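Geometric and topological summary
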Amino acid sequence: MLGEYELRCVNCGRTYEADPWTIVCPHCGGLLEPVFRRKPLGVSWALFRTRKFGVWRYRELLPKVRPVSMGEGGTPLIKVDERLWIKFEGSNPTGSFKDRGMTVAVSLAREAGVRSVICASTGNTSASVAAYASRAGMRSFVVLPRGKVARGKLAQAVLHGAVIIEVDGPFDAALDVVMRVSGRESGLYPLNSINPWRLEGQKTLAFEVVDEIGVPDWIVLPVGNAGNISAIWKGFREMKELGLIDRTPRLAGVQAEGASPIARAFKEGLNQPIFTDEPETVATAIRIGRPVNWPKAFRALRESGGTVEMVTDEEILEAQRALGRMGVGVEPASAASYAGYLKLLGREISDDDRVVLVATGHALKDPDAFPFPEPVRASSVDEAVEKIRRLAV
Ligand code: AN7
């Protein structure tokens, strides 16, 4: 099923036959990366454009499987001005970019005969896992940090029938649970971003951006477990290797100040993160202290000439409001993209750079993130009409 690929360890360099159940390097425990055994032939923008916009448009560059699909990807690239765009991942079937990866990993799992899947999650992964598992006729188990998952995301996990396990502690503790309990023995297939096939799907965001506007100068995105930044860089790297583009953008990761293991390390010039066991931020999606994909992310930053910025919760909420006033509704973690962009503009990012901000998740995911002002109240139709007339002058 995966014959066109092999898995290469990013730590020790050993290669393995691609198997859905080989999640980390059997030799050193390092992260694995799917690489094509042979250069995929016949790929071109013209071929891609014969198909509808979305993840599977680029199927020559994905595992050859029968897709478990709900129309993921193909999200709007909203133009803000002549040089700024927002890739609105809130338009995915479950409202976040996770669906790009889930369609690929769940398709593989189905072909491998998997009956139950599991993930740890700050919320969006659990919503996506629950939905795609149900679609594929599988059971799902989601392990969540107790009290720290936004209401919309929890509602989705419930709606799609996941078994919900809450642990005391941050996301990182929930991921420890998954790493211990998943595997061939238990039959529980892990769907966190440590699963390389998830990232294989997520790389298509890079393809879509280029498909629409060519290669931008910067891609700015929030960083939590550091899967997405790794996936998007893989997408650009592959396009370059295949001659589909002749240059690559720089990547700017953004972390919340209270959960910034990579940003802090980057500022100090270290080549590994400064882990924290007590991450804290209003952007609960990226409330992660020990990002597992850090080796891939550091490579993406190094190879792309990128950077990592840190923003405060106040800056995140201000950016969320600003986007809201432009008609773009994103959850706090996604607003970190815009907050980080505003900080980098005039420094690393120059005025005439073309920039794409990745808005990773929909505003409806987390309706408790912002205060609701007192509404104008009226006890009758007449009073409502009267009050509106006065407000409208
Ligand atoms: C909206 O759902 O980790 O750096 O468990 O939901 O690839 O982890 C979510 C992450 C950014 C960070 N924006 O992406 C989870 C989870 C939103 C997110 C991120 C997440 P990664």
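Anyway, here's the lowdown on the structure attached to this text. (Residues numbered from 1 in each chain as written. Predicted model: local features only at pLDDT ≥ 70, side-chain atom pairs only at ≥ 80, totals over all residues. Heavy atoms only, no water.)

With that settled, the discussion passes to the overall build of the protein chain. Helix and strand counts for the protein chain stand at 13 helices and 13 strands. Taking the principal axes of its C-alpha atoms as reference, the protein chain extends roughly 70 × 50 × 45 Å. Classification of the 393 residues of the protein chain by burial places 58% in the buried group. A separation threshold of at least 6 residues defines the contact pool for the protein chain, and within that pool the share at least 24 residues apart is 71%. Carbon and sulfur atoms make up 51% of the accessible area of the protein chain, which amounts to about 16400 Å² in all. (Helix = DSSP H or I, 4+ residues; strand = E, 2+ residues; numbered from the N terminus. Buried < 20%, exposed > 50% of the residue type's maximum accessible area, 1.4 Å probe, protein only. Contact = heavy atoms within 4.5 Å. Areas by Shrake-Rupley, 256 points an atom, 1.4 Å probe, with all protein chains shown as cover.)

Right, let's talk about the site of the ligand for a bit. Near the ligand there are 24 residues, and of these Asn124, Thr125, Gly224, Asn225 and Thr360 occur at the shortest range. Between Gly224 and the ligand, the recorded distance is 2.8 Å, taken from a backbone N or O atom to an oxygen atom. One nitrogen or oxygen atom from the side chain of Thr360 is found 2.6 Å from a nitrogen atom belonging to the ligand. Burial of the ligand by the surrounding chains reaches 99%, relative to a free accessible area of 470 Å². Of all the secondary structure elements, the ones that give two or more residues to the shell around the ligand are α3 (124–135), α8 (227–241) and α12 (332–344). Along the lines of polarity and charge, the residues of the shell around the ligand split into 10 nonpolar, 12 polar and two charged. Mapped onto the domain boundaries, the shell around the ligand takes at least three residues apiece from domain 1 (77–93 + 198–369) and domain 2 (96–194). (Near = heavy atom within 4 Å. Polar contact = N/O pair within 3.5 Å; in protein donor to acceptor, adjacent residues only side chain to side chain. Nonpolar A, V, L, I, M, F, W, Y, C, P; charged D, E, K, R; others polar. Domains from an automatic or database assignment.)

On to the sheet that holds strand β3 (residues 32–36). With antiparallel pairing, the three strands of this open sheet are ordered in space as β2-β1-β3. The two strands at the open ends of the sheet, each matched to only one other strand, are β2 (15–17) and β3. Going across the sheet, the axis of each strand differs from the next one's by a mean of 35°, ignoring polarity. Pairing between strand β1 (residues 5–9) and β2: three bridges, direction antiparallel. Paired with Leu7 across the two strands is Tyr16, which belongs to β2. (Pairing = 2+ DSSP bridges. Axes fitted to C-alpha atoms, helices over the stretch in contact; angles between N-to-C directions.)

This next bit is on empty space enclosed by the protein. Scanning the entire structure with this criterion turns up four cavities of 30 Å³ or more. Roughly 330 Å³ of internal volume is contained in the largest cavity. If you trace the largest cavity, you find 29 residues lining it, with Phe97, Lys98, Gly224, Asn225 and Ala285 closest to the centre. Looking at the lining of the largest cavity, the elements that each hand over two or more residues are α3, α6 (196–202), β10 (218–222), α8 and α12. Residue contributions to the lining of the largest cavity peak at three residues, all from α8. Each residue belonging to the lining of the largest cavity can be placed in one class, and the counts come to 12 nonpolar, 14 polar and three charged. Two domains each put at least three residues into the lining of the largest cavity: domain 1 (77–93 + 198–369) and domain 2 (96–194). (1 Å grid on protein atoms, 1.4 Å probe; cavity = no way out; pocket = protein on both sides within 12 Å on 5 of 7 lines; lining within 4 Å. Points joined across faces, edges and corners; volume = space filled by probe spheres on them.)

The next thing to look at is helix α11 (residues 313–325). Between its terminal C-alpha atoms α11 stretches 19 Å, which fits the 18 Å expected from 13 residues at 1.5 Å a residue. Taken together, the buried positions of α11 are Ile316, Ala319, Gln320 and Leu323. All buried residues of α11 project into a common sector of 105° when viewed along the axis, lining one side. Of the exposed residues in α11, the ones pointing more than 90 degrees away from its buried face are Glu314 and Arg325. (Expected span 1.5 Å × (residues − 1). Arc of directions from axis to C-beta.)

This next bit is on the pattern of salt bridges. Counted by the stated rule, this structure contains 32 salt bridges. Put simply, Arg299 and Glu303 hold a salt bridge, and the shortest N to O gap is 2.9 Å. Placement of the pair is Arg299 and Glu303 together in helix α10 (residues 294–304), with a separation of four residues, close to one helical turn. On the basis of relative accessibility, which here comes to 36%, the residue Glu303 falls in the partly exposed class. Between Lys387 and Glu383 there is a salt bridge, with its nearest N and O atoms 3.1 Å apart. With Lys387 and Glu383 both in helix α13 (residues 381–392) and four residues apart, this pair spans about one turn of that helix. According to the relative accessible area criterion, Glu383 is partly exposed, its value standing at 26%. Three or more residues are tied together by salt bridges with common partners; here these are Glu33, Arg237, Arg299 and Glu303. (Salt bridge = Lys/Arg side-chain N within 4 Å of Asp/Glu carboxyl O.)

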